[in-house]
Amino acid sequence: QVQLVESGGGLVLPGGSLRLACATSGLNFSAYTMGWFRQAPGKERESVAAIARYGIIVHTDPVKGRFTISIDNAKNTLYLQMNSLKPEDTAVYYCAADPPPYGGRWWVSDEYAYWGQGTQVTVSS
């Protein structure tokens, strides 16, 4: 049984930092494409970053230079380091796993078969 469990969300001041973690079990972690998505109230779910196989690491434009996705294969854990947070980063953040083979569409939520329950990130003064 595949499980993804996010942690690390919370309330932070603008300009602050948070590190999200996604602990996984039940999957061949090193073979999957792993992604972070977020959904703000009243908006569609959007891609934030992804680590695909073959060394592909991508971040979407709104977070580029501020967020960093990483993995620890020994711990089967995905991370998202978020710096210089802005109020518009407020959302529920989800990790997701896309089983192989890699389809190339890392930004498309429908490509991901497994999802965590989400963790709330609120950026506010």
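Heads up: the structure comes first, above all this text.
> Looking at this structure, how should I read the packing of aromatic side chains?
The geometry of an aromatic ring pair is captured by two quantities: the separation of the ring centres and the angle between the planes. Going through the model one piece at a time under the given rule, you end up with 6 aromatic pairs. Ring plane angle 40° and centroid distance 6.4 Å describe the contact between Tyr32 and Tyr114, whose orientation is recorded as tilted. With Tyr32 in the loop between strand E3 (18-25) and strand E4 (33-39) and Tyr114 in strand E10 (residues 114-115), this residue pair connects regions lying 82 residues apart in the sequence. Centroid distance Phe37 to Tyr112: 5.1 Å. Interplanar angle 80°. Geometry classified as edge-to-face. Of the two residues, Phe37 is situated in strand E4 and Tyr112 in the loop between strand E9 (91-98) and E10; the sequence distance between them amounts to 75 residues. The burial state of Phe37 is the same as that of Tyr112; both residues are buried. Following the ring pairs from residue to residue traces out a cluster consisting of Phe37, Tyr94, Tyr112 and Trp115. The ring of Tyr94 carries the charged tip of Arg45 above its face, separated from the ring centre by 4.1 Å.

> Please explain the environment of Lys64 as it appears in this structure.
Relative to the helices and strands, Lys64 resides in the loop between strand E6 (56-59) and strand E7 (67-72). Through-space distance from the C-alpha of Lys64 to that of Val48 is 8.9 Å; in sequence the pair is 16 residues apart. A polar side-chain atom of Lys64 sits 3.1 Å from a polar atom in the side chain of Asp61.

> Would you mind showing me how to read the side chain of Glu6 here?
With respect to the secondary-structure elements, Glu6 resides in strand E1 (residues 3-7). Within the buried core, Glu6 has no salt-bridge partner, and the shortest N-O distance to an opposite charge, that of Arg45, equals 7.9 Å. From its side chain, Glu6 meets the backbone nitrogen of Gln117 in a polar contact 3.0 Å long. Separated by 2.9 Å, the side chain of Glu6 and the backbone nitrogen of Gly118 make a polar contact. When residues no more than four places from it in sequence are discounted, the contact partners of Glu6 are Ala21, Cys22, Trp36, Tyr93, Tyr94, Cys95, Gly116, Gln117, Gly118 and Thr119.

Definitions and cut-offs
- Residues numbered from 1 in each chain as written.
- Predicted model: local features only at pLDDT ≥ 70, side-chain atom pairs only at ≥ 80, totals over all residues.
- Heavy atoms only, no water.
- Phe/Tyr/Trp six-rings, centres within 6.5 Å; stacked < 30°, edge-to-face > 60°.
- Helix = DSSP H or I, 4+ residues; strand = E, 2+ residues; numbered from the N terminus.
- Buried < 20%, exposed > 50% of the residue type's maximum accessible area, 1.4 Å probe, protein only.
- Lys NZ or Arg CZ within 6 Å of the ring centre and 35° of its normal.
- Polar contact = N/O pair within 3.5 Å; in protein donor to acceptor, adjacent residues only side chain to side chain.
- Lys, Arg positive; Asp, Glu negative; His and termini not counted.
- Salt bridge = Lys/Arg side-chain N within 4 Å of Asp/Glu carboxyl O.
- Contact = heavy atoms within 4.5 Å.

Read these as geometric descriptors, not functional statements.
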